[in-house]
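Residue strings, one per chain:
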Amino acid sequence: MDARKQFAHTAAELVDTDESVALVYAEISGQFFGDVERRHPDRVVNVGIREQLLVNVGAGLALTGMRPIVHTFGSFLVERAFEQIKLGFGHQDVGGVLVGSGGSFDISSAGRTHQVPGDVALLDTLPGISIHAPGNAIEVDATLRATVGGSGLHYVRVVGQGNRDHHPFRPGRFHVVRRGSGATVLAVGPVLGAVLDATAGRD
């Protein structure tokens, strides 16, 4: 299963099993949410192509004590609705899980409107947000379960590329894959496999 489908599958399961979890989306990935939306029309909300409203609805649900998963393409979620994230979640100090798919240049053929290479850097300007870049579908599942089951505000970046291997979700900690003496290489998200290939046989 690819990372985006895994996100949708895990999100639906979390809505099914926890009445405090809500899913708010803006058309994007709607092809995966039809069944869970029919089962829980009060907690699965499609706001249409209205990204600022998407974030505000999620923040409003968080103010009622619910744990919202807020989802659309990363370019629309982060860049188009940044002010709503800053005010609705950040200023009001409520938590939720923002999930942007199509990160970086995943949807490059759709033009600049769908590209978001700066999502992590922009969101990192907000105090208290935790940013996650899982490297494959298994890591997406683990990250989503941990962040939805936790507290605070999180951004989960879901991309089409994926690493061969998966590693445990350990927020705030580096995971050492290989030790050497010549240099330290930090790989984030789905580039780890390429980095290991490029540095194979080097100390």
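Remarks on helix H5 (residues 82-91)
Among all positions in H5, only Phe82, Gln84, Ile85, Gly88 and Phe89 are buried. Here the buried residues of H5 occupy an arc of 150 degrees about the axis, which is enough to place them on one side. Tucked inside the fold, the buried residues of H5 contact helix H3 (51-63), strand S3 (67-73), helix H4 (74-80), strand S4 (96-101), helix H6 (119-123) and strand S6 (153-158). Positive backbone phi, approximately 55 degrees, marks aspartate 93, located one or two places after H5.

Some details on the side chain of histidine 132
Residue placement: histidine 132 occurs in strand S5 (residues 129-132). Setting aside its immediate chain neighbours within four residues, histidine 132 contacts Thr143, Thr147, His154, Tyr155, Val156, Arg157, Phe169 and Pro171.

Observations regarding the sheet that holds S4
If you walk across this open sheet you meet the six strands as S2-S1-S3-S4-S6-S5, and the pairing is parallel. Single-partner strands in this sheet number two, and they are strand S2 (44-46) and S5. Strand-to-strand, the axes of this sheet are offset by a mean angle of 15 degrees, without reference to chain direction. Pairing of S3 with S4 involves five bridges; the strand directions are parallel. Note on S4: the bridge partner recorded for phenylalanine 73 is serine 101. Here H5 sits on the sheet and contacts S3, S4 and S6; the angle it forms with S4, its principal contact strand, is near 160 degrees.

Rules and cut-offs
Residues numbered from 1 in each chain as written. Predicted model: local features only at pLDDT ≥ 70, side-chain atom pairs only at ≥ 80, totals over all residues. Heavy atoms only, no water. Buried < 20%, exposed > 50% of the residue type's maximum accessible area, 1.4 Å probe, protein only. Helix = DSSP H or I, 4+ residues; strand = E, 2+ residues; numbered from the N terminus. Arc of directions from axis to C-beta. Contact = heavy atoms within 4.5 Å. Pairing = 2+ DSSP bridges. Axes fitted to C-alpha atoms, helices over the stretch in contact; angles between N-to-C directions.

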